[in-house]
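Structure at a glance
Spelled out from the first residue to the last, the chains are:
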Amino acid sequence: MVCLGNICRSPLAEGILKSKLSNDFIIDSAGTANYHKGSSPDKRSIAIAKKYGLDISNLKGRQFVISDFDSFDFIYVMDESNYQNVIKLGRSKEDFDKVKYILNEVYPGKNFEVPDPYYGGDQGFENIYQMLNEACENIANNLLHNND
Ligand code: 4NP
């Protein structure tokens, strides 16, 4: 799960997807920027997660690295700028093909964005929780029921 800062959207997505899958699946998040390296998630992301029974307070921010292309089968980005920043680091078609807009799991091919809630109010976090929960439900179902 990749966003810009790795403190609002992607740690929430990480917590949501982890709650829907077993530990057999390695799920992590990262930011394309490095300015929140080692930081806890934004308190508003921690709060919305808690509202829905998830504890993401122990997650720590990190920056996306090229070796993430080797470590993960799927790389879900939140918006177009994340997409461009991750694609820039790709080395091969195999790398590029791993990068997906997370909302395409709900609205295939539309490239809709999970809006950055950082400068908004609490409603923005409720909104992104609902979007990410729906997307992660589909991701989990696909991983559990498809063999591709
Ligand atoms: P995120 O949100 O990409 O969902 O973690 C942001 C967090 C911090 C900043 C921007 C977006 N920032 O500019 O510090």
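Just above sits the structure.
About the thresholds
Residues numbered from 1 in each chain as written. Predicted model: local features only at pLDDT ≥ 70, side-chain atom pairs only at ≥ 80, totals over all residues. Heavy atoms only, no water. Core = buried A, V, L, I, M, F, W, Y, C linked by side-chain atoms within 4.5 Å. Buried < 20%, exposed > 50% of the residue type's maximum accessible area, 1.4 Å probe, protein only. Helix = DSSP H or I, 4+ residues; strand = E, 2+ residues; numbered from the N terminus. Phe/Tyr/Trp six-rings, centres within 6.5 Å; stacked < 30°, edge-to-face > 60°. Near = heavy atom within 4 Å. Polar contact = N/O pair within 3.5 Å; in protein donor to acceptor, adjacent residues only side chain to side chain. Areas by Shrake-Rupley, 256 points an atom, 1.4 Å probe, with all protein chains shown as cover. Nonpolar A, V, L, I, M, F, W, Y, C, P; charged D, E, K, R; others polar. Contact = heavy atoms within 4.5 Å. Expected span 1.5 Å × (residues − 1).

A word on the nonpolar core
- If you look at the biggest cluster of nonpolar residues, it comprises 29 residues, and the most contacted ones within it are Met1, Leu12, Leu17, Met78, Ile102 and Leu132.
- Only α1 (9-20), α2 (43-51) and α6 (122-145) provide two or more residues apiece to this core.
- Considering each element in turn, this core owes the most residues, 8 residues, to α6.
- Within the second largest apolar cluster, 9 residues are counted, among which are Ile75, Val77, Val86 and Val99.

Some remarks on the packing of aromatic side chains
- On inspection of all chains with the given rule, the structure shows 6 aromatic pairs.
- Geometrically, the ring pair formed by tyrosine 107 and phenylalanine 112 is edge-to-face, given 5.2 Å between the ring centres and 65 degrees between the ring planes.
- On the basis of relative accessible area, phenylalanine 112 is assigned to the partly exposed category, the value being 38%.
- The interplanar angle of 80 degrees and the centroid separation of 4.8 Å between the aromatic rings of tyrosine 118 and tyrosine 119 together place this pair among those described as edge-to-face.

A few points about the site of the ligand
- Around the ligand sit Cys3, Leu4, Gly5, Asn6, Ile7, Cys8, Arg9, Tyr35, His36, Asp116, Tyr118 and Tyr119, and those are all the residues in its vicinity.
- A distance of 2.9 Å separates an oxygen atom of the ligand from a polar atom in the backbone of leucine 4.
- Within the backbone of asparagine 6, one N or O atom sits 3.3 Å away from an oxygen atom of the ligand.
- Protein burial of the ligand: of its 350 Å² of free accessible surface, 92% is covered by the chains.
- When the residues that make up the shell around the ligand are grouped by side-chain class, the tally is 7 nonpolar, 3 polar and 2 charged.

Section: the side chain of histidine 36
- Take histidine 36: it is sitting in the loop between β2 (30-31) and α2.
- Here histidine 36 falls in the buried class, since its relative accessible area comes to 19%.
- Ignoring anything within four residues of it in the chain, the contact list for histidine 36 reads Gly5, Ile7, Gly61 and Tyr118.

Considerations on α6
- For α6, spanning 24 residues, the distance from its first C-alpha to its last is 35 Å, which sits close to the expected 34 Å at 1.5 Å a residue.
- For α6, every residue scored as buried is listed here: Phe125, Glu126, Ile128, Tyr129, Leu132, Ala135, Cys136, Ile139 and Ala140.
- Here the buried face of α6 lies against α1, α2 and β3 (75-77).

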